[in-house]
Amino acid sequence: MKRITATFLDEITHDIPSQNWGREDWAREFGLYRRIGIDTVVLIRSGYRERCVFAAKSVPDLLPVREDLGRMFLDLAEENGLVLYWGTYDSGVHWMRQSWWREVELNQRFLDEVAERYGSSPAFGGWYLAHEAARHENHIVELFNGIGGHCRSLKDVPVLISPYPMGTKQFAAEHAFTLTETREHWERVFAEAQGAFDICAFQDGQVQYSELEEFHQMVHDIAAGTGVEVWANIESFDRDMPIKFPPADWRYLRTKMEVASRYAARLMTFEFAHFMSPHSCYPSARNLFARYCEEFEIQTDGQN
Amino acid sequence: MKRITATFLDEITHDIPSQNWGREDWAREFGLYRRIGIDTVVLIRSGYRERCVFAAKSVPDLLPVREDLGRMFLDLAEENGLVLYWGTYDSGVHWMRQSWWREVELNQRFLDEVAERYGSSPAFGGWYLAHEAARHENHIVELFNGIGGHCRSLKDVPVLISPYPMGTKQFAAEHAFTLTETREHWERVFAEAQGAFDICAFQDGQVQYSELEEFHQMVHDIAAGTGVEVWANIESFDRDMPIKFPPADWRYLRTKMEVASRYAARLMTFEFAHFMSPHSCYPSARNLFARYCEEFEIQTDGQN
Amino acid sequence: MKRITATFLDEITHDIPSQNWGREDWAREFGLYRRIGIDTVVLIRSGYRERCVFAAKSVPDLLPVREDLGRMFLDLAEENGLVLYWGTYDSGVHWMRQSWWREVELNQRFLDEVAERYGSSPAFGGWYLAHEAARHENHIVELFNGIGGHCRSLKDVPVLISPYPMGTKQFAAEHAFTLTETREHWERVFAEAQGAFDICAFQDGQVQYSELEEFHQMVHDIAAGTGVEVWANIESFDRDMPIKFPPADWRYLRTKMEVASRYAARLMTFEFAHFMSPHSCYPSARNLFARYCEEFEIQTDGQN
């Protein structure tokens, strides 16, 4: 079974409560990542609606931004030898209303500003396309091509996406997709957005545990021959509980990791700081970390 | 930006889980308030349906009450030099069924008992009218006049209310009020309930962040010339998350405080003990406290 | 008022998030139980759908199981002088589809395996019938007779059930049962499943606090003359909050315990580890434990 070697950073969130960490907390967390073999952090989005991780000039009507989290994350990544993938901007509006050109143009201006401010950071090692899609919808191909292509023109580093299957854990039976439907849609997206991204890490929490093997085989098949590398985005929170969302139960997280390890080049997670960290605001995450360390015989000490 | 100098106490709650604090926990908390500049505590309600903070004789069919939280809060307030505003009783029934006279009469008998038991406490420095309203509805004017007037006759100290706007964060678009509608309704309430209350602290969590400036201007305008003092009730929990409710994200709480500081005489919060305290059962509240202390250069030590 | 002397263990759960405890955590917890007078632990179910507490051969399509929680719980119970009631298997499917014979046959094969593996443990002191029912429905009589009878044939130790009333805290007014309806249904179940179980511990969280006295009287009456012993399953979580589910407020938990103590031979709880333990992942549970210890003058020390 593979270890988790990459995690999202979720500081512009829409469904996970803030931990209110300061710089010291993040410094401690990034130090932990280095020690336990996490070498990659992925900023899930650098802006969402009126929020941003820095005081961007290219996005209208932002709320006031006092901190520069972009700089802080890049600096801490550099100090700890981690690679950071930079997540793009999600308006939460334009692409939902099918005005994909607005979403693309806004992102292009925004990413120009990002590249100018942060592009020279030694830790800036990838892009993450923040628009999450489940199928060939919302002009996702135009978004991937328009934004992914622009990213690459600004800084030629790997581009990552993380789609999700419309599985029965998240969607009611009448809306859920079969794996066959998901396969058809994504084969089409992969073909039409060829070259827009280099790595694909499907989310794994929407399908039933009993479907995992078939699901990862499907993802493998979609990517085969396209040149796209497959990672697995192992969700470390639990979708089966009334509380949305607590840390995962180690027993089933391990099961997910075992199956994914047979198919994916790397395991990443959404996300370590809330759901697996010994410093998490969720005490059960601290215990999940203990179980994870037992599994991989990771020595922990008072410093973790 | 102003500091928060008042907080609700929420020990008869209907939507925030109990922290199960004992007297020692509250003593520690009130000591903290003194040290960080919170000089006012507001008991949000002293009774609700069949629950009460003391074994009242005037309310029928109460559940057994073993502790006298009213006494404990007043004593701790006195010890720490805090002023306590006493919240009235909310039947949860009569006024919802438009039988406002029952609500008023029950409260009058109840408040007689309160004044007799607690009125002589040096910390008893205000009344809080527990009936929360969003608009001119549920005979709120009769409630304010009937209960607020009675409070003042028992002990002539300031009377506080805390209404809420029917903003789009809490209400679906087809039910939400525009700020203009809210203004019209509350201008009317202020006029018809003149003299029933002295201070008005609108809740701030129902409107979008982008509406905050206009919202506080509106509240300012409603109160202008009425003699009512405006405070702002800065909600320190997050209404945007699937979990109802976690502590706020410091970045947006600060934004709310900044805007409110330009309009309100004082900032209060609902509420410190759960959502901002270093002793909270929510670990992210402890971090929120750390961020708040950084902002105002409050020295903390092991005692907090 | 009686102490709580029994608790469920909820390691195959469907609505309570995992605490991710390891063996050390459980050893500490069971040691606590011994010290505070909890002499009985009830495994609420040993299997549910595709999950199991051990790698059972008799249940098809299980997820991989690495730990033997059954063995661990029995060993820890033995070490601490506790009695363990073993919970049966719940397919989550067959009985919901009225194919009760499938549920019974699957359980019989499964329980044969359980008895062979674990039946000789000195701590194995009872059975718990995991199928929870609210009324005479889903062929509950056939399930109790078919599974309870088989349990007894494998190992003749007491058999426990824990039904629930369809009270207004859990069910909308149009679906809720009156206490009279609940009484009629369960008199019938008790008569038709005579001999299938020895102990009945109704859940107490679905009825209003004001109905508790009448509720416990009803349970007492149902069991009177049947030879079935009555325990009360005092729920230590709160059903009244938007978050499903936080630890209970001590004031109302105490009220529930006081009423139940007048009718039930013993108080058990669902469940101690999450909602009342000083080691719980819910900090308010740790405070609930402190309040509980104050009430019963239980000395606690750094070891708890």
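To be clear, the structure that these remarks concern was listed above.
Analysis parameters
- Sequence order sets the numbering: in each chain, residues are counted from 1 along the sequence as written.
- Following the order in which they are written, the chains are lettered starting with A and the ligands numbered starting with 1.
- Under the rules for a predicted model, residues below a pLDDT of 70 receive no local features and side-chain atom pairs below 80 are neither given nor counted, while totals for whole chains, interfaces and linings still include all residues.
- The basis for the side-chain values is all heavy atoms of the structure; hydrogens and waters are excluded.
- Only residues with pLDDT of at least 70 in both copies count here: their C-alpha atoms drive the least-squares fit that superposes the copies.
- Working rule for contacts: check all heavy atoms of both residues, and any pair within 4.5 Å makes them a contact.
- Throughout, buried area stands for the accessible area (probe radius 1.4 Å) lost by two parts on being put together, summed over both.
- Salt bridge, as used here: a side-chain nitrogen of Lys or Arg that lies within 4 Å of a carboxyl oxygen of Asp or Glu.
- Angles here are taken between N-to-C directions and fall from 0 to 180 degrees, while the axes themselves are lines fitted to C-alpha atoms, restricted in helices to the stretch in contact.
- Per the convention used, a helix needs a DSSP run of H or I reaching at least four residues, while a strand needs a run of E reaching at least two, with both numbered from the N terminus.
- Crossing handedness is defined as follows: a turn of the near helix away from the far one that is anticlockwise and smaller than a right angle gives a left-handed crossing, while the clockwise case is right-handed.
- Think of it in three bands: residues with accessible area under 20% of the maximum for their type are buried, residues over 50% are exposed, and the middle band is partly exposed, with areas taken using a 1.4 Å probe on protein chains only.
- Polar contact criterion, stated in full: a pair of N or O atoms within 3.5 Å, where within protein one must be able to donate a hydrogen and the other to accept it, and residues adjacent in sequence count only if both atoms are side-chain atoms.
- In this analysis, strands are considered paired if DSSP registers two or more bridges between them.

Peer 1: What should I look at first to understand the relation of the copies chain C and chain A in this one?
Peer 2: Both copies of the chain are placed relative to one another by a rotation about an axis and a shift along it. After a rotation of 120° and a shift along the axis of 0.0 Å, chain C superposes on chain A with an RMSD of 0.0 Å. Both copies are brought into coincidence by an operation consistent with a three-fold rotation axis. Among all residues of chain C, the minimum C-alpha distance to the rotation axis is found for C:Ile243, at 3.8 Å.

Peer 1: Explain the interface of chain A and chain B here, please?
Peer 2: A common way to report how large an interface is uses the accessible area buried once the components associate. Listed per partner, the contact involves 26 residues of chain A and 19 residues of chain B. With both chains or domains summed, chain A and chain B bury close to 1900 Å², and 53% of this area falls on carbon and sulfur atoms. Its largest share of buried area at the contact with chain B, chain A owes to A:Asn20, A:Arg51 and A:Leu63, together 29% of the area lost on that side. In this assembly, chain A and chain B are joined by five salt bridges. Residue A:Asp25 pairs with B:Arg291 through a salt bridge whose shortest N-O separation is 3.7 Å.

Peer 1: Any chance you could explain the packing of helix α1 (residues 23–36) of chain C against helix α2 (residues 69–79) of chain C here in plain terms?
Peer 2: Each pair of packed helices can be described by the angle between their axes along with the distance between the axes. All names here are of chain C. Two numbers describe how α1 lies on α2: the axes approach to 10 Å, and their chain directions differ by 35°. α2 is crossed by α1, and the crossing has right-handed handedness. Between α1 and α2, the contacting residues are Arg-23, Trp-26, Ala-27 and Phe-30 on the first element and Met-72, Phe-73, Asp-75, Leu-76, Ala-77 and Glu-79 on the second.

Peer 1: How should I be thinking about unusual backbone geometry in this particular structure?
Peer 2: The phi angle of most residues is negative, glycine excepted, and most peptide bonds adopt the trans form. Across the junction of A:Lys244 and A:Phe245, the peptide omega takes the value 10°, indicating a cis bond. Along the polypeptide, A:Phe245 turns up in the loop between β10 (229–235) and α7 (250–261). Of note, A:Asn20 is a non-glycine position whose phi angle comes to about 55°, a positive value. With respect to the helices and strands, the residue A:Asn20 is situated in the loop between β1 (4–9) and α1 (23–36). With relative accessibility at 4%, the residue A:Asn20 sits in the buried group. If you check the backbone angles, C:Arg49 has positive phi at about 50° while not being a glycine. With respect to the helices, strands and loops of the structure, C:Arg49 is situated in the loop between β3 (47–48) and β4 (51–52). According to the relative accessible area criterion, C:Arg49 is partly exposed, its value standing at 39%.

Peer 1: What's the story with the interface of chain C and chain A in this structure? I'm lost.
Peer 2: The interface of chain C with chain A comprises 26 residues on the first partner and 19 residues on the second. Carbon and sulfur atoms make up 53% of the area that chain C and chain A hide from each other, which totals about 1900 Å². Counting the contacts that link chain C with chain A gives five salt bridges. C:Arg66 is paired through a salt bridge with A:Glu258; the nearest N and O atoms lie 2.8 Å apart. Our count for the chain C to chain A interface comes out at ten residue pairs in polar contact (both at pLDDT 80 or more).

Peer 1: Would you mind going over the pairing of strand β7 (residues 124–128) of chain C with me for this structure?
Peer 2: Working note: regular strand, side chains alternate between the two faces of the sheet. All names here are of chain C. The buried fraction of β7 is high, at five of five residues. Pairing geometry for strand β5 (residues 83–87) and β7, over four bridges, is parallel. Its bridge partner lying in β7, Gly-87 is registered against Tyr-128. With two bridges joining them, β7 and strand β8 (residues 159–161) adopt parallel strand pairing. Each bridged residue has a counterpart across the sheet, and for Trp-127 the counterpart in β8 is Val-159.

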